[in-house]
Amino acid sequence: MSGSSFNLKRRDFLKGITAGAAGVVVGPSLLTASKAMAADAPQWKLTGSHWGAFRARIENGRVAEIKPFELDTHPTDMLNGMKGMIYNPSRVRYPMVRVDWLKNGSKSDTSKRGDNRFVRVSWDKALDLFHSELDRVQKTYGSSALHAGQTGWRSTGALHSAGNHMQRAIAYHGSFTKKVGDYSTGAGQHILPYVLGNSEVYAQGTSWQHILNETKFLVLWANDPVKNLQVGWNCETHEAYPHLDTLKAKIASGDIRVISIDPVATKTQKFLGCEQMRINPQTDVALMMAIAHTLATEDLADVDFLDEYTMGYEKFVPYLMGKTEDKIEKTPEWAAKICGVPADDIRQLARAMAADRTQLMLGWCVQRQQHGEQPYWMAAVLASMLGQIGLPGGGISYAHHYSSIGVPSSGAAGPGAFPSTPDKGYKPVYGEKFNGFSKVIPVARWVDCLVNPGETIDYNGKKVKLPEIKMMVFSGNNPWHHHQDRNRMKQAQQSLETVVSVDYRWTATCRFSDIVLPATTPFERNDIDVYGSYSARGIIAMQKLVEPQFEAKSDFEIFSELTKRFGKDREYTRGMNEMQWLKEIYKNCRKANKGKFEMPEFEKFWEEGFVEFGKGKPWVRHADFREDPEEYALGTASGLIEIFSNKIAKYGYNDCKGHPMWFEKVERSHGGPGSDKYPLQLQSCHPDQRLHSQLCESEEYRATYTVQGREPIYMSPEDAKARGIKDGDIVRVHNDRGQLLAGAVVTADYMPGVMRIYEGAWYGPQDEKVGSLDTYGDPNTLSLDLGASKLSQATSAHTCIVEVEKFVGKAPAVTAFGGPQEVEA
């Protein structure tokens, strides 16, 4: 299918693969080369990744060729970037220490952090420095001053999960500040437990089979599954794509109507050939309110469902009708002025939703904005008014664009992970000492800790006292990608005395660190993973493809060596090495599946590389709740869907009240503050050719989409013409927070006033100074660092206005890639 192809010839060395029954081990005749190719067979190795499973041909100790795993019928083009993950100029090659920090330690000139000048040191020296800093911070300030709680997407694999290794090892040394929530779904995962009793954003959704058979009207709201389903949390199967192929055919035949509500003609909308409703950014709630108004005033709401399965509708309706709060009736005419959708189109959309079986599918970007809780809450209200929650092909989903959710699960148990916490009864070297500060902070508020230590903020019904952080440790995590407002970060991080990073590529996080340790890529170590995050189609062996490059070590080795320095290595490793851990993890998985899914002994599995569990049975989300709301009550305070939440109302927040509401944003392009100076809305959606910042380092693959070596910025022909910009020009994008260079891609897919730079573009400042020009095109140079609300304190990356101009003169060289400047001590 378009946008999900792998540009290599079809797997001609392995043919005839078919999906086996549950519990069948796919044998050598299917998963290894034939006898005629016996001489070459040892050169092919199987592994997995976020981008899917693949086989690699190894020649002279290097990866020479990659072919997708034969069960993957829709491999992503991003597999073409896999070799570039291993071999690229941005590899962290050796243990490195920032030159001024090496001279002066915690008394270094932190304003120079980011100048990218580092000294190569030995592993022993680097780990000794790491350990001594852990000691110093615990002794001097206590647990609250050490933040080792940040985690990211990590690499695939049950054993080598970077965050788990870091947190387990450091916990044996002493306590530290941790985080709660994540950047991907921060607002949604906080509001939905109050409304639907579950975070929903990571929950299995109604199976595609039911949607394709029962749905008559499918609404993709800020949702682009064709783009986003290329990657998965575990080893991705791409099993959702055949269902999208079927959906396309059903649209063409008129069996299903699909509409994409989005400011942009998405990859999915173009692939499906479905309708699009263009909407002004950040105005989704206004449109939803007007739909609800139409359902209520035209007697289209399912009052029986509302009476039996929901709480608080009667408290919401007065607001909808303008009787309370702002005294504004939320009519289609009112919404049309805000969202840009004609009033008659809004009414027709509402009527179409109520006329037949309707499935709402929301994406995640719509909740990554100020008041991001509101669109998710209001969408649940719409689904409740339609009365189809719990019906096959009806209701609401918040995750059908993620990790092949909607593909039924086999029901098999996957392998457990290396533990992220110490074993029961452990005694750390240093006792817990938080000095009255909170032990846990909202993930997106760590920079606030550096700017305003000791300040107390509201969060999800609690008070959080921001700790005074002096040392941060990152492993397999890139906060200089996923946090907002680079220049605020630059200024704030100067209060940190020590920053340690463990990674295999020289990201901006490494650049702004003091001690950097080189880790292995997923392809330089052995591991196992579940094949299919939600479908659990099987267990895959991740066989080491090549030896570690340069002086890289696995996270397991790095933290084993660190814990040895404070006498906790036996506890940390449990006395096992890498292969012993893999055997233990596999053994436990085999035991959990015994009697239902038979698995071979580890040695046979490792030789053959894959155990298949088969396909699962179709399933309907919330069907049990609909069948019996008392027996299968939701996890909300009332057990019902809460249109009005008494708990939230009692918090007394002014930016998230007892029911969903329309809130204007502090930055908006439709006439808001500052929009005369910065009239363009900049969005930073999930990328099409990366996984966040992962794969940006893959040099040859990056060259397939960059513009004059810069990250693309997508804009409408109208906006480009008004500024004298042509396709392929280098442009300067700026606002009061920062400035960056990017490469213009002019396309009619974009409505005027809306621009996008995909998040994950590596930050490449000209220098370490605050305000420095970003040479490559990281959108978070410009984005707003503001909590979504007092409820979630989540990221507001999509609340961002900018101006764009053609760059005149010689553009500076890109500084985002290539590693540090190595200097002598």
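Reading guide: rules and limits
Residues numbered from 1 in each chain as written. Predicted model: local features only at pLDDT ≥ 70, side-chain atom pairs only at ≥ 80, totals over all residues. Heavy atoms only, no water. Phe/Tyr/Trp six-rings, centres within 6.5 Å; stacked < 30°, edge-to-face > 60°. Helix = DSSP H or I, 4+ residues; strand = E, 2+ residues; numbered from the N terminus. Buried < 20%, exposed > 50% of the residue type's maximum accessible area, 1.4 Å probe, protein only. Axes fitted to C-alpha atoms, helices over the stretch in contact; angles between N-to-C directions. Left-handed = near helix turned anticlockwise from the far one by under 90°. Contact = heavy atoms within 4.5 Å. Nonpolar A, V, L, I, M, F, W, Y, C, P; charged D, E, K, R; others polar. Domains from an automatic or database assignment. Buried area = accessible area lost by both parts, 1.4 Å probe. UniProt positions renumbered as here; feature names shortened; annotations may be inferred. Core = buried A, V, L, I, M, F, W, Y, C linked by side-chain atoms within 4.5 Å. Patch = residues over 30% accessible without salt bridge, like charges linked within 9 Å, V, L, I, M, F, W, Y side chains within 5 Å. Areas by Shrake-Rupley, 256 points an atom, 1.4 Å probe, with all protein chains shown as cover. Salt bridge = Lys/Arg side-chain N within 4 Å of Asp/Glu carboxyl O. Lys, Arg positive; Asp, Glu negative; His and termini not counted. Charge placed at Lys NZ, Arg CZ, Asp CG, Glu CD. Parallel < 35°, antiparallel > 145°, perpendicular 65-115°, else oblique. Pairing = 2+ DSSP bridges. Expected span 1.5 Å × (residues − 1).

Now for the packing of aromatic side chains. Summed over the entire model, instances satisfying the criterion amount to 39 aromatic pairs. Aromatic pair tyrosine 531 and phenylalanine 610: ring centres 5.5 Å apart, planes at 90°, arrangement edge-to-face. Residue tyrosine 531 is located in strand β20 (residues 527-531), and its partner phenylalanine 610 is located in strand β22 (residues 610-612); the two are separated by 79 residues in the primary sequence. The class of phenylalanine 610 is buried, set by a relative accessible area of 0%. Considering the side-chain rings of tryptophan 762 and phenylalanine 817, the 5.2 Å spacing of their centres and the 25° angle between planes classify their relative orientation as stacked. One end of the pair, tryptophan 762, is in the loop between β28 (754-756) and β29 (801-806); the other, phenylalanine 817, is in the loop between β29 and β30 (821-822), with 55 residues separating them in the sequence. Residue classification places tryptophan 762 among the buried residues on the basis of a relative accessible area of 3%. What makes phenylalanine 817 buried here is its relative accessible area of 18%. In textbook terms, an aromatic cluster arises when at least three aromatic residues are bridged by ring pairs, as seen for Trp153, Tyr202, Trp233, Trp364, Tyr402 and Tyr534.

Direction vectors running N to C along helix α6 (residues 186-195) and helix α16 (residues 373-386) enclose 35°, while the axes themselves pass 8 Å from each other. In this structure, the crossing between α6 and α16 has a hand that is right-handed. Counting all contacts with α6, which are made through Ala187, Gly188, Ile191, Leu192 and Val195, the residues of α16 involved are Glu373, Tyr376, Trp377 and Ala380. Partitioning the contact of α6 with α16 into residue classes produces seven nonpolar, one polar and one charged.

Where the parts come together, the accessible area they lose is often given as the size of the interface. Here the protein chain is described as being made up of domain 1 (43-86), domain 2 (96-181 + 423-526 + 554-579), domain 3 (205-408 + 620-651) and domain 4 (680-817). Once you take the C-alpha centre of each, domain 2 and domain 4 turn out to be 28 Å apart. Contacts between the two partners involve 35 residues from domain 2 and, on the opposite side, 37 residues from domain 4. Between domain 2 and domain 4, roughly 2,800 Å² of surface is buried when both sides are summed, and carbon and sulfur atoms account for 46% of that area.

Let us now look at the UniProt feature "domain: Molybdopterin dinucleotide-binding" (unreviewed entry) in the protein chain. On the UniProt side, "domain: Molybdopterin dinucleotide-binding" (unreviewed entry) is annotated at positions that read residues 680-800 here. For residues 680-800, the end-to-end C-alpha separation is 8 Å, with 8% helix and 21% strand making up the annotated structure.

Note that soluble globular proteins tend to have their nonpolar side chains buried in a common cluster. Ranked by size, the top nonpolar core spans 103 residues in total, and within it Trp221, Ile291, Leu362 and Tyr398 carry the most contacts. Top element by residues in this core is α16. It accounts for 10 residues. In contact with leucine 362, other than residues within four places in its own chain, are Trp221, Asn223, Met288, Pro375, Tyr376, Ala379, Ile396, Ser397, Tyr398, Ala399 and His401. The next biggest cluster of nonpolar side chains, apart from the first, holds 55 residues, and it includes Trp101, Leu129, Ile558 and Val823.

Moving on, we come to a negative patch on the surface. On the surface, Asp304, Asp307, Glu308 and Glu630 cluster together into a negatively charged patch. For glutamate 308, the position within the fold is in helix α12 (residues 303-309). A relative accessible area of 45% places glutamate 308 in the partly exposed class.

Right, let's get into the packing of helix α14 (residues 332-339) against helix α15 (residues 343-355). Their axes nearest at 8 Å, the elements α14 and α15 cross at an angle of 115°. Taken as axis vectors, α14 and α15 run roughly perpendicular relative to one another. Between α14 and α15 lies a crossing of right-handed hand. Every residue of α15 that contacts α14 at Pro332, Glu333, Ala335, Ala336 and Cys339 is listed here: Ala343, Ile346 and Arg347.

Moving on: the sheet that holds β20. If you walk across this open sheet you meet the three strands as β20-β21-β22, and the pairing is antiparallel. The two strands at the open ends of the sheet, each matched to only one other strand, are β20 and β22. Across the sheet, the mean angle separating the axes of adjacent strands is 20° when strand polarity is ignored. Inspection of the sheet shows strand β21 (residues 538-542) paired to β22 by three bridges, in the antiparallel sense. Each bridged residue has a counterpart across the sheet, and for glycine 538 the counterpart in β22 is glutamate 612. Seen against the sheet, helix α23 (residues 578-593) touches β20, β21 and β22 and runs at an angle of roughly 30° to β20.

Taken as a whole and assessed by the stated rule, the structure comprises 52 salt bridges. The partner of arginine 57 in a salt bridge is glutamate 59, and the shortest N-O contact between them spans 2.0 Å. The class for arginine 57 is buried, based on a relative accessible area of 19%. When its relative accessible area of 36% is taken as the criterion, glutamate 59 is described as partly exposed. One salt bridge in this structure joins aspartate 128 and arginine 565, with 2.7 Å as the shortest N-O distance. Highlighted residues: aspartate 128 in helix α4 (residues 123-140) and arginine 565 in the loop between α21 (555-564) and α22 (569-573), separated in sequence by 437 residues. You can call aspartate 128 partly exposed: its relative accessible area is 41%. A relative accessible area of 22% means that arginine 565 is categorised as partly exposed.

This part takes up the pairing of strand β17 (residues 471-475). Counting buried residues along β17, five of its five residues qualify, which places the element largely inside the surrounding structure. By the bridge criterion, two bridges tie strand β6 (residues 146-147) to β17 in an arrangement that is parallel. Bridge assignment links leucine 146 to a residue of β17, and that residue is methionine 471. Here β17 runs beside strand β18 (residues 498-503); their pairing, made up of five bridges, is parallel. Across the sheet, residue valine 473 finds its bridge partner in β18, namely valine 500.

Ordered in space as β1-β2-β3, the three strands form an open sheet in which the pairing is antiparallel. Taken across any chain shown, the strands that pair with only one partner, and hence form the sheet edges, are β1 (44-47) and β3 (62-68). Sheet twist, expressed as the mean angle between neighbouring strand axes with direction ignored, is 30°. The pairing of β1 with strand β2 (residues 54-59) spans four bridges and is antiparallel. The partner of leucine 46 across the bridge, within β2, is arginine 55.

Our focus in this paragraph is helix α5 (residues 162-173). The end-to-end C-alpha distance of α5 is 17 Å, a good match for the 16 Å that 12 residues give at a rise of 1.5 Å each. Burial of α5 is extensive: 12 of the 12 residues sit out of reach of the surface. For α5, the full list of buried residues reads Ala162, Gly163, Asn164, His165, Met166, Gln167, Arg168, Ala169, Ile170, Ala171, Tyr172 and His173. Against α4, β6, β17, α21 and α22 lie the buried residues of α5.

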